[in-house]
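Commentary on secondary and tertiary structure
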Amino acid sequence: METVNLQKLQDLLNSFANKDVYIHLETTNGAYASHFDEKVFNAGTFIRNVLIRYELGKVTPDVPHRVGLKLSNGGWVYAQGITHFELDDQNRLLMAGHGYDGKLAIALEISETPFAY
Amino acid sequence: MLQPERQILVVFPHPDDEAFGVSGTLAQYAKAGTPITYACLTLGEMGRNLGNPPFTTREELPLIRKKELQASCEAIGIKDLRMMGLRDKTVEFEDDEEMVAMMTNLIEELNPSLIITFYPNYAVHPDHEATARAVIRAVRRMPESDRPRLYCVAFANNTVAELGNPDIINDIHDVREEKMNSMRAHISQTGWMLQEEEKRKEEGATAENNWFTNEHFYSYRFDEDFEDSF
Ligand SMILES: [Zn+2]
């Protein structure tokens, strides 16, 4: 993965617009968060292989970046904290936010084919 | 070393669960020629240690962790590794009966004299809890006289306050190399921890880290069962 290059990522987001695409979206502070610190309120979310279609995808310039997808049916998908991206060898757009501690904080992935299991 | 066993079944949900708590004990049994089957339910697909800058992606991580798991089993001497195909962080959402059936099938096939898993309600991670519940339920359904021994790993913050001290304490000094190699095999997950250990030694710490001195377990207490029935 490389750190976000705005123009490159924007072009990639554009290339998936107006197509049926599968998404993976997760955000987490880790299953152990409240084991290590009882004051941490542990929340997270995970969706995978949900089919959507967006008409507009946008990455914001400030770091870490936000990525928003405006869906054709009036809905939204939104991710905050994106630092890295790549188009992998299966033509999937992988975006991730890697925290200062080296741990994944968020992932947003877009693919024309379903993600493996 | 603990008492001789005919066959050991280890059931954990994540690659690396075996490394921290039980790899020394398992290495001792492997050296003694005891057959060990490790049923690892997931490939730790949702692990968060991807580094920054990242050394891998969310989609590649399972392949890395699968290789690490195989290398760890080799370091320990586990010859029968079963990867059960569930997904990290989703184990508790599987059908509860199917989970019990998975464990019952393993037990019927292998006829273990000892099962090692987590202790329900003291295992912290939801996948650990779901795994432990399924194992305990499967064993509970067996006639008492047929039940294998059940050694459970417990590490919740309230463990000692509620369960007391572990009844099984195993000296693992003789297999610290094997344990180190098992932990090293999971380098994507343990790298930061092993680095800290190096630093500790460089800074002059002489006391051995307790990971490498002993491992401890709680025999499961069916007389204080975590649920009335299932
Ligand atoms: Zn685990």
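Described in the following lines is the structure provided in the data block. Because the structure is predicted, anything quoted here is derived from the model rather than measured.

In this section: the nonpolar core. Residue and element names in this part refer to chain B. Of all hydrophobic cores here, the largest spans 30 residues; its most connected members are L41, M103, I115 and Y119. At the level of secondary structure, the elements contributing two or more residues to this core comprise β1 (8-12), α3 (96-110), α4 (126-140) and β5 (149-153). If near-sequence neighbours (up to four positions away) are discounted, I115 is found in contact with L9, V11, I107, V135, V139, P148, R149, L150 and Y151. Residues V10, A30, I76 and F217 belong to the second largest nonpolar core, which totals 27 residues.

Residues and elements named next belong to chain A. The buried fraction of strand β7 (residues 93-98) amounts to six of the six residues, a majority that puts the element mostly inside the structure. Residues L93, M95 and G97 of β7 are buried on one face, and the alternating residues L94, A96 and H98, pointing to the opposite face, are buried as well. As judged from the four bridges shared by strand β6 (residues 84-87) and β7, these two strands associate in the antiparallel manner. Pairing of H84 across the sheet is with A96, part of β7. Following β6, the chain reverses through five residues before pairing antiparallel with β7; N91 in that reversal takes a positive phi of roughly 60°.

Another point: the interface of chain B and chain A. On the chain A side, the residues contacting the 25 residues of chain B number 26 residues. Together, the buried faces of chain B and chain A total about 2300 Å²; carbon and sulfur atoms form 52% of this surface. It is R48, E59 and R87 of chain B in chain B that bury the most area against chain A; as a group they hold 32% of the surface buried on that side. In this assembly, chain B and chain A are joined by two salt bridges. Ionic pairing is found between E59 of chain B and R48 of chain A, a salt bridge with its closest N-O pair at 3.0 Å. Taken together, the residues of the side of chain B that touches chain A break down into 10 nonpolar, nine polar and six charged.

Cut-offs and rules
Residues numbered from 1 in each chain as written. Chains lettered and ligands numbered in written order. Predicted model: local features only at pLDDT ≥ 70, side-chain atom pairs only at ≥ 80, totals over all residues. Heavy atoms only, no water. Core = buried A, V, L, I, M, F, W, Y, C linked by side-chain atoms within 4.5 Å. Buried < 20%, exposed > 50% of the residue type's maximum accessible area, 1.4 Å probe, protein only. Helix = DSSP H or I, 4+ residues; strand = E, 2+ residues; numbered from the N terminus. Contact = heavy atoms within 4.5 Å. Pairing = 2+ DSSP bridges. Buried area = accessible area lost by both parts, 1.4 Å probe. Salt bridge = Lys/Arg side-chain N within 4 Å of Asp/Glu carboxyl O. Nonpolar A, V, L, I, M, F, W, Y, C, P; charged D, E, K, R; others polar.

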